[in-house]
Amino acid sequence: GEQVEQLPSSLIVQEGASVLINCSYTDSASVYFPWYKQEPGKRLQFIIDIRSNMERKQTQRLTLLFDKKTKHLSLHITATQPGDSAIYFCSASYQGGRALIFGTGTTVSVSP
Amino acid sequence: GGIITQTPKFLIGQEGQKLTLKCQQNFNHDTMYWYRQDSGKGLRLIYYSITENDLQKGDLSEGYDASREKKSSFSLTVTSAQKNEMAVFLCASSIRLGGYEQYFGPGTRLTVL
């Protein structure tokens, strides 16, 4: 079945710097890729998604890039703030076919 | 807006005990999910339900039962609690299965003594 991997597993950045999180998946039938954020003590929250017919999606300080050939995604967070400290999860699913498969998460710590 | 609530927030049980976790949503979403979150392992799908009275097994369904008697509620039963399944259990819902945002509950932390 589908497997989703994320790298790095954790990182520390200075406030104001940028962050890059990489995600790879195995099943070429996957077409929908949402990302979620889990701040300490809070529930998982949807932050951005992309579908397989797109290469790039941007919202405020988040840019999500998708490469269908290499089955790779990358999430770029610019101008990081303390509120960006969280675990970020990449996920993948088939079109209408089944539920999401999640990656193992990337813990981002933003230091002031 | 809507919300997902999970009860209890903390659940302590004995090894071998049958334990039930509950989830309610008021989004009027068709699909609901149960995930297990272990430290360092992301989220793994236990059960999901496409609509009322439907149940679908996820990758981690062994040792669990689920029930969706109403559209708004989805319960998960640990049939015989084991020490190696201490984790946080997350409930989520989405308008339908597939390419739709999922909304998550706050979680139930299970401790097995």
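For the structure, see preceding data.
Below or above, wherever it landed, is the structure these notes cover. (Residues numbered from 1 in each chain as written. Chains lettered and ligands numbered in written order. Predicted model: local features only at pLDDT ≥ 70, side-chain atom pairs only at ≥ 80, totals over all residues. Heavy atoms only, no water.)

**What about the overall build of chain B?**
On a plain count of helices and strands, chain B comes out with zero helices and eleven strands. Each helix and strand of chain B, ordered N terminal to C terminal, gives the series β-β-β-β-β-β-β-β-β-β-β. On C-alpha atoms alone, chain B measures out to a radius of gyration of 13 Å, which is about the 13 Å that the 2.2 N^0.38 rule sets for 113 residues. C-alpha atoms of chain B, sized along the principal axes, occupy 35 × 25 × 25 Å. Looking at chain B as a whole, 50% of its 113 residues qualify as buried. For chain B, the computed accessible surface area is about 5,400 Å², with 46% contributed by carbon and sulfur atoms. Averaging the locations of the 13 positively and 11 negatively charged side chains of chain B gives two centres separated by 5 Å. (Helix = DSSP H or I, 4+ residues; strand = E, 2+ residues; numbered from the N terminus. Rg over C-alpha atoms; globule rule 2.2 N^0.38 Å. Buried < 20%, exposed > 50% of the residue type's maximum accessible area, 1.4 Å probe, protein only. Areas by Shrake-Rupley, 256 points an atom, 1.4 Å probe, with all protein chains shown as cover. Lys, Arg positive; Asp, Glu negative; His and termini not counted. Charge placed at Lys NZ, Arg CZ, Asp CG, Glu CD.)

**Describing the state of the cysteines**
The bond known as a disulfide is covalent and runs between the sulfur atoms of two cysteines. Residue and element names in this part refer to chain A. The final tally for this structure, using the stated rule, is two disulfides over all chains. One disulfide bridge connects Cys 23 with Cys 90, the sulfur atoms lying 2.0 Å from each other. Measuring handedness by torsion sign, the sulfur bridge of Cys 23 and Cys 90 sits at about -65 degrees and is left-handed. Here Cys 90 lies in strand 9 (residues 86–92) and Cys 23 lies in strand 3 (residues 19–25), a separation of 67 residues in the sequence. (Disulfide = S-S within 2.5 Å.)

**Remarks on the interface of chain B and chain A**
Frequently, the measure chosen for interface size is the accessible area that the parts lose on association. Tallying the contact residues gives 22 residues for chain B and 19 residues for chain A. Contact with chain A buries area across many residues of chain B, yet Leu43(B), Gly99(B) and Phe104(B) alone supply 29% of it, more than any other trio. Those elements that place two or more of their residues in the side of chain B that touches chain A are strand 4 (31–37) and strand 5 (43–49) of chain B. Its residues assigned to classes, the side of chain B that touches chain A shows twelve nonpolar, seven polar and three charged. (Contact = heavy atoms within 4.5 Å. Buried area = accessible area lost by both parts, 1.4 Å probe. Nonpolar A, V, L, I, M, F, W, Y, C, P; charged D, E, K, R; others polar.)

**Some points on the environment of His76(A)**
All names here are of chain A. Turning to its location among the elements, His 76 is positioned in strand 8 (residues 72–77). Judged by relative accessible area, His 76 falls into the partly exposed class, the value being 30%. Once the C-alpha coordinates of His 76 and Tyr 25 are considered, the two residues, 51 residues apart in sequence, prove to be 18 Å apart. Excluding residues that lie within four positions of it along the chain, His 76 makes contacts with Ser 18, Val 19, Leu 20, Arg 61, Leu 62 and Thr 63.

**A few points about the pattern of salt bridges**
Residue and element names in this part refer to chain A. Applying the stated criterion across every chain, the model contains seven salt bridges over all chains. The partner of Lys 37 in a salt bridge is Glu 39, with the nearest N and O atoms 3.6 Å apart. There is no split in this pair, since Lys 37 and Glu 39 are both buried. Glu 39 serves as the salt-bridge partner of Lys 42, at 3.9 Å between the closest nitrogen and oxygen. Under the relative-accessibility criterion, Glu 39 is labelled buried at 19%. Sharing partners across several salt bridges, the network here consists of Lys 37, Glu 39 and Lys 42. (Salt bridge = Lys/Arg side-chain N within 4 Å of Asp/Glu carboxyl O.)

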